[in-house]
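Structural overview for review
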Amino acid sequence: MGYKHKDVRLDQIGRDLSVQYVLENSLRESGDHLRLTAQLIQVKDQTHLWSQDYDYPAKDILHVEDEVAKAVAREIRVRLTSQQQEDLARSHPVNPEAYDAYLQGYHFFQGGTDKDAEMAAKYFERVTQLDPSYALAWAWLSRTRNRQANDGLIPMEEGRRLAREAVERALSLNPNLAVAHSQM
């Protein structure tokens with residue numbers, strides 16, 4: 001996301017991130033319908049390895065993410081454990097309103113103003129109200145509370161407590177959630 005809307009060459013992104021492959025995607029929405037276009041590019045020679053369009057109802061967005069993950073894993077020949085394969089095969093229905101609020105919260109979190117942090121917190125809280133099992137939203141709410149505390153927008157002790165509670169909730173919902181572990 002740090003490269004979104006920036007004119008940076010793919011080979012530079014690969015060096016910056018120390019990655020061999022980049023997954024580019026675009027998402028278009030029409031009512032309650034989504035179209036995701038994903039393409040996998042090998043960084044070293046910018047070879048286009050794979051591309052696919054996905055059309056789904058908005059409530060199935062996590063299913064789309066699973067389909068893309070499986071296709072990419074097949075393309076770069078990643079060996080998945082049986083547990084990982086089972087996790088990818090499991091359906092994860094999502095509340096479209098909660099997902100939209102999550103995206104809004106993430107957008108505001110990327111901003112640098114006090115108002116952005118306040119808006120991010122409001123959106124992430126909204127997600128957790130709409131879908132209390134949304135582990136990723138709890139993790140980003142934790143990051144937001146931590147940022148607010150560090151920036152003096154809320155009292156330090158309260159911010160740290162709220163951040164800890166949110167990240168613990170995220171990990172209780174999904175013990176494998178990397179962003180929650182890094183926040184912890």
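Heads up: the structure comes first, above all this text.
1. Section: the sheet that holds strand 3 (residues 47-57)
Within a beta sheet, neighbouring strands are joined by backbone hydrogen bonds and run either parallel or antiparallel to one another. Read across the sheet, three strands follow the order 1-2-3 without closing on themselves; strand pairing throughout is antiparallel. Of all the strands in the sheet, just strand 1 (21-30) and strand 3 have a single pairing partner and so form its edges. The average undirected angle you get between the axes of adjacent strands in this sheet is 15°. Here strand 1 pairs with strand 2 (residues 33-42) via 10 bridges, running antiparallel. The partner of Leu-27 across the bridge, within strand 2, is Leu-36.

2. With respect to helix 6 (residues 135-150)
Look at helix 6: 23 Å from first C-alpha to last across 16 residues, which is about the 22 Å you get at 1.5 Å a residue. Of all 16 residues that make up helix 6, 12 are buried, and the element is covered over most of its length. The set of residues buried in helix 6 consists of Ala-135, Ala-137, Trp-138, Ala-139, Trp-140, Leu-141, Ser-142, Thr-144, Arg-145, Arg-147, Gln-148 and Ala-149. The inward-facing, buried residues of helix 6 abut helix 4 (96-110), helix 5 (114-130), helix 7 (156-173) and helix 8 (178-183).

3. Here we look at the packing of helix 6 against helix 7
Two elements in contact, helix 6 and helix 7, have axes whose closest approach is 8 Å; the angle formed by their N-to-C orientations is 165°. Comparing the axis directions of helix 6 and helix 7 gives the class roughly antiparallel. Of the two elements, helix 6 crosses helix 7, and the hand of that crossing is left-handed. Contact residues: helix 6 offers Ala-135, Trp-138, Ala-139, Leu-141, Ser-142, Arg-145, Asn-146, Ala-149 and Asn-150, while helix 7 offers Met-156, Gly-159, Arg-160, Leu-162, Ala-163, Ala-166, Val-167, Arg-169, Ala-170 and Leu-173. Class assignment of the residues belonging to the contact of helix 6 with helix 7 gives a composition of 12 nonpolar, four polar and three charged.

4. Looking at the pattern of salt bridges
For the coordinates displayed, the defined rule picks out nine salt bridges. For the salt bridge of Arg-161 with Glu-165, the shortest nitrogen-to-oxygen distance reads 3.1 Å. Here Glu-165 and Arg-161 lie together in helix 7, a separation of four residues that amounts to about one turn. Classification of Arg-161 by relative accessible area gives partly exposed; the value is 43%. Under the relative-accessibility criterion, Glu-165 is labelled partly exposed at 41%. Taken together, the shared-partner salt bridges connect Arg-9, Asp-11 and Arg-15 into one network.

5. Re the pairing of strand 3
Where a strand is regular, its side chains alternate between the two sheet faces. Bridging between strand 2 and strand 3 involves 10 bridges; their strand directions are antiparallel. Bridge pairing links Thr-37 to Asp-53 in strand 3. The turn joining strand 2 and strand 3, which pair antiparallel and follow one another in sequence, is formed by four residues; a positive phi near 55° is taken by Gln-46.

6. A closer look at the environment of Leu-171
Mapped onto the fold, Leu-171 is located in helix 7. Given the relative accessible area of 15%, Leu-171 is considered buried. Each C-alpha atom of the pair Leu-171 and Asp-7 lies 36 Å from the other, and the pair is 164 residues apart in sequence.

7. Some thoughts on unusual backbone geometry
For Ser-18, which is not glycine, the phi dihedral falls at a positive 55°. The topology assignment puts Ser-18 in the loop between helix 1 (10-17) and strand 1. Residue class for Ser-18 comes out exposed when judged on its relative accessible area of 69%. For Gln-46, which is not glycine, the phi torsion reads 55° and is therefore positive. Mapped onto the fold, Gln-46 is located in the loop between strand 2 and strand 3. Gln-46 sits in the partly exposed class, given a relative accessible area of 39%.

Analysis parameters
Residues numbered from 1 in each chain as written. Predicted model: local features only at pLDDT ≥ 70, side-chain atom pairs only at ≥ 80, totals over all residues. Heavy atoms only, no water. Pairing = 2+ DSSP bridges. Helix = DSSP H or I, 4+ residues; strand = E, 2+ residues; numbered from the N terminus. Axes fitted to C-alpha atoms, helices over the stretch in contact; angles between N-to-C directions. Expected span 1.5 Å × (residues − 1). Buried < 20%, exposed > 50% of the residue type's maximum accessible area, 1.4 Å probe, protein only. Contact = heavy atoms within 4.5 Å. Parallel < 35°, antiparallel > 145°, perpendicular 65-115°, else oblique. Left-handed = near helix turned anticlockwise from the far one by under 90°. Nonpolar A, V, L, I, M, F, W, Y, C, P; charged D, E, K, R; others polar. Salt bridge = Lys/Arg side-chain N within 4 Å of Asp/Glu carboxyl O.

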